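Coordinate inspection notes
Chain by chain, the residues:
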Amino acid sequence: MLRSIAIAVGSLVLIATIAPALRAEVTAAAVDESIKRGVEYLLSRQDRASGSWAEYKGEPGGLTALITLSLLNSGVPKDNEQIETALEYLEKMPDPQQTYSTSLQIMVFCQADPAAYRLKIARLAAWLETHQIREAGNDTKGGWSYRSTSARADNSNTQFAMLALHEAERAGVRISDQTWQLALNYWTQPGMQHPNGGYGYERGHPPSGSMTCAAIASLIIAYDRLSQGEARVADGKIQCCGNQDPREPLDNALKWMANHFSVDENPSAGIGRLRGGGSPNWLLYYLYGLERVGRMSGQRFIGDHDWYREGCEKLLKHQKAVIHGGWIGDGIIENDPQVATPLALLFLSKGRRPVVIAKLKHQPDAIGGSLDWNHHARAIQNLTMRIEKDWRRDLSWQTIDLNLKRPELDAAGKETGQMLGVSAAELLEAPVLFLSGESNLVLTAEQKKSLKAYVESGGFIFAEACSGNGCNGAAFDRDFRALMKELFKDSELRKLPPDHAVWYAQEKVDPKHLPQDSEFWLWGLDACCRTSVIYCPRSLSCYWELAQNFRDKDRPEAIQRQIDCVAAIGVNVVSYATARELKSKLDRPQIAVSNPGGTSPRGALVVAKLAHGGGDDDAPSALNNLLAVMDQQLAMRVDYEKRKVALTDAKLFTLPLIFAHGRRSFSFSPAERKALKDYLDRGGFLLADSICASKEFADSVRAELKKIYPDASFSRIPPSHEMFTEELGGFRLQTVTLRDPQIRDENDPLIAKPTQITPLLEGLEVNGRIAVVLSPYDLSCALEKGVSLECKGYIPADAAKIGANVLLYALQQ
């Protein structure tokens, strides 16, 4: 009977059709291809003899620097022959005497190799500092003009100078506080910002998107250097949760951008054709600035707009009409594809930097007069900069508003009238969520459900109570611990031992340098194949806010050691959570959602988990994620309702196949063994997976089946078996990638060195057919997409293919 059910289900699911797709969204692959085409166009236009591109009169080296900067950000390596000739051309030419060209050269040399070009960067930065307008009678004092210290400054030149000095200081060149203070005074002087929050090209000019973006980036840079955050060092002690200096001009400029957001034009208010602004002129220059606003402010959305996705859609659509692979804009400058193309590439390439961590805005802004979710506001930015340095790659961070509500859309893209909160799939666009607070942590049932599904689908929560050194996070500590008990009933927070990988995943932390506080320790909660929640009952973000390179270098040595130690903890936790593997920014994570109590679609594949005592639900989303592969990649109808079946349950005999995984030993009762024998004898099928290659679980499976079938034994399924081919409608699996934590890359002890092997599956025959398949290497954790440093198993893509092929085999026997 069971074999006939399997054959019937298999026939239906194999001929199922795919439902009509939603409007196609821009993909990471499409953006990569677009960047590739733009890069090829620019490289084809280089003068190979000199290494330069055709320069604009009065800006020597400016266009070559802009193009080279875009190529480096687009992934062209610095040792590429054409990049090398371009850098040589810029290095050997006389130092430019113009703000734009000087600024762009600094940015190029910082991107290429800041150590190798340190002297050049320092010399060019000194030129910018000395050419900042400082005349007492000049009402644009603190800004920069095209070249003279006596001319009037403008917001475009000033932005470029500040961006360059920012990069120079990140490269280790000290910029004076006076320079930053004069620049901040320039942007905040009376009349510079319009009452509605926007900025124009000069004071008194109508506001535009491009110039408001220039102001936002410049204000962020200046405030980072000069304003006092909540963390400080006073009288030889670290103080947290203090008063942060107000940043009203920045807040108002961000609100203007949210209210005037567009990717179709440079937002303006009657600015006409003024330099740096005006609709539709300067659109690409504006998008170049828009990317900077989103990235530097850490905003996932500007207003309710997904700024990067919408900008990509605009640029890719615009590029299709251009045969040579570049872009052409409007106006006398952007109609030159050698100007337009690098601006477009800078948006696409810098904006796609992967998100490494996101702050979770879990409460409205005003909680007792403070931003309770955002104590030590620049801490995550500073942590990300430290991770960038350690990982040697460009990264980004974001803020996700858990309270955001958006209209529900139907398949045609029309609003249904319902409002949706932030889903687990949206949360999964960040591999790590940082949750912080001092006051009560109050979440809705919907928000709790999303957080639980986020962790079960491979996400990672990194939390702290803002407590100690002037903070009082007792209420948050109590509520967070209660939340974890509510969400993960089978696990509990525990003090992490000193040998846990989180203490050395990137930088070895010496506990003696931790702050001398008995509560300053890391707690962890094991869920979904790894420690998926790490919590500190003391404030980490306070120390991260202090861990920046721009000021306060005369701190007591013991204090600086503590700051460095806590910063290393932050890097370690993120490294442990991600294993430095990050998804593309445009990836839309898919979560297979169960439908408890719902009706199964006609002819749908139904698979239940087998109940046992060895951790039968330790990877709760693994099976549904495998079913999603059957649904989305193999066009099968599947039932996503989560079911767990006991061997003594009569429903067992209605299921063509069952799935079991675990990480601990277990045993069956005599009644359960008899039921499993009857099930398999009647044509049933069991797929068993050893979570993280648990020897205890695998040995228990073998032992229990030996008791049921004394004359049968597990043996390796040969690589030539149809289970590893495309014959059954699945995937070709001649070689797969295995990660073994015992085999480390000699150059990087954090990374398990991938090994190419033939799939290792063991089979047990019943009545002449394979009725049980055991995977001694992990499939489940990989299916949950939660990277674990301690887990021996297949990479996610291969685990999904192996599991799918086994199910196809079972259905067609």
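The preceding data block contains the structure.
As the structure is a prediction and not an experimental result, all values here were calculated from the model. Every chain is numbered independently, its residues counted from 1 as its sequence is written. Side-chain atom pairs in this predicted model are given and counted only at pLDDT of 80 or more, local residue features only at pLDDT of at least 70, and totals for whole chains, interfaces and linings cover all residues. Only hydrogens and water are set aside when side-chain values are computed; all heavy atoms of the structure are taken into account.

Comments concerning the overall build of the protein
Only runs of H or I of at least four residues qualify as helices and only runs of E of at least two qualify as strands under DSSP, and these elements are numbered from the N terminus. For the protein, the helix and strand inventory stands at 25 helices and 21 strands. We compute the radius of gyration from the C-alpha atoms alone; for a globule the expected value is 2.2 Å times N to the 0.38, where N is the number of residues. A globule of 813 residues ought to have a C-alpha radius of gyration of about 28 Å, and the protein, at 29 Å, matches this closely. A principal-axis box enclosing the C-alpha atoms of the protein has dimensions of 95 × 65 × 55 Å. Here the term buried applies to any residue with accessible area under 20% of the maximum for its type, exposed to any over 50%, and partly exposed to those in between, with areas from a 1.4 Å probe on protein chains only. Expressed as a percentage of its 813 residues, the buried residues of the protein come to 59%. For the protein, the accessible area works out to roughly 32,600 Å², and carbon and sulfur atoms hold 51% of it. Under the convention used here, a 1.4 Å probe and the Shrake-Rupley method define accessible areas, while residue burial counts only the protein chains that appear.

Side note on the nonpolar core
V31, L71, I106, L287, L290 and L348 are the most contacted members of the largest nonpolar core, which totals 101 residues. Of the residues forming this core, the biggest block, 12 residues, is contributed by helix α9 (residues 209-226). By convention a nonpolar core is built from buried Ala, Val, Leu, Ile, Met, Phe, Trp, Tyr and Cys residues, the set being connected through side-chain atoms within 4.5 Å. Counting 51 residues, the second-largest nonpolar core is a separate cluster that includes W397, A501, I534 and C565.

Considering the packing of helix α3 (residues 62-73) against helix α14 (residues 337-351)
Here α3 crosses α14 at 30°, and the two axes come no closer than 9 Å. Judged by the inter-axis angle, α3 sits roughly parallel to α14. The interaxial crossing formed by α3 with α14 has left-handed handedness. Listed contacts from α14 to L63, L66, I67, L69, S70 and N73 of α3 are Q338, V339, P342, L343, L345, L346, S349 and K350. Class assignment for the residues of the contact of α3 with α14 results in nine nonpolar, four polar and one charged. With axes taken as lines fitted to C-alpha atoms, and helix axes fitted only over the stretch in contact, angles between N-to-C directions fall between 0 and 180 degrees. The scheme is simple: roughly parallel for angles under 35 degrees, roughly antiparallel for over 145, roughly perpendicular for 65 to 115, oblique for anything else. Should the near helix be turned counterclockwise from the far one by less than a right angle, the crossing is left-handed, whereas a clockwise turn marks it as right-handed. Any two residues whose heavy atoms approach within 4.5 Å at even a single point are treated as in contact. Just so you know the grouping, Ala, Val, Leu, Ile, Met, Phe, Trp, Tyr, Cys and Pro go in nonpolar, Asp, Glu, Lys and Arg go in charged, and all remaining residues, Gly too, go in polar.

Describing the packing of helix α22 (residues 670-681) against helix α23 (residues 695-708)
Where α22 contacts α23, the axes come no closer than 10 Å and their chain directions differ by 80°. The angle between α22 and α23 falls in the class roughly perpendicular. Of the residues in α23, those touching α22 at R673, L676, K677 and L680 are E704, L705, K707 and I708.

Let's talk about the sheet that holds strand β15 (residues 685-690)
Two strands are said to pair when DSSP picks up at least two bridges between them. Ordered by their spatial adjacency, seven strands build an open sheet running β13-β12-β14-β15-β20-β19-β16, and the pairing between neighbours is mixed. Since the sheet does not close on itself, it has two edges, and those belong to β13 (644-645) and β16 (715-716), each with one partner. Two strands pair when backbone bridges link them, and strand β12 (residues 608-610) and strand β14 (residues 657-662) are joined in this way by two bridges, in the parallel orientation. By the bridge assignment, A608 is partnered in β14 with I658. Contacts from α23 reach β14, β15, β19 (762-766) and β20 (769-775), with the element oriented near 150° to β15.

Examining the environment of E545
Structurally, the position occupied by E545 is in helix α19 (residues 541-546). A C-alpha to C-alpha distance of 7.8 Å links E545 and I380, two positions 165 residues apart in sequence. Beyond its immediate chain neighbours, meaning those up to four positions away, E545 contacts G229, E230, A231, Q244, H376, A377, R378, A379 and N382. Whenever a nitrogen or oxygen atom comes within 3.5 Å of another N or O atom, the pair is scored as a polar contact, on the condition that within protein one atom can donate a hydrogen and the other can accept it, and that pairs from neighbouring residues in sequence are kept only if both atoms are in side chains. Within the structure, the side chain of E545 is placed 2.8 Å from the backbone nitrogen of A231, a separation counted as a polar contact.

Considerations on the side chain of T399
Position of T399 relative to the elements: it lies in strand β4 (residues 396-401). With a relative accessible area of 18%, T399 lands in the buried category. Contacts of T399, omitting those with residues within four sequence positions, involve G298, R300, K359, K361 and W373.

Focus on the pairing of strand β7 (residues 432-437)
Across the six residues that make up β7, a large majority, six, are buried. Side chains of β7 alternate between two faces, with V432, F434 and S436 and L433, L435 and G437 buried alike. Of the strand pairs in this sheet, strand β3 (residues 355-361) and β7 are connected by two bridges, and their pairing is parallel. Paired with K359 across the strands is F434, a residue of β7. Relative to strand β8 (residues 460-465), β7 is paired through six bridges, and the arrangement is parallel. When the sheet's bridge partners are listed, G437 is paired in β8 with A465. For crossovers, right-handed means that the path from the first strand over the helix to the second runs clockwise, given strands pointing away from the viewer. The handedness of the β7 to β8 crossover, carried by helix α17 (residues 445-456), is right-handed.

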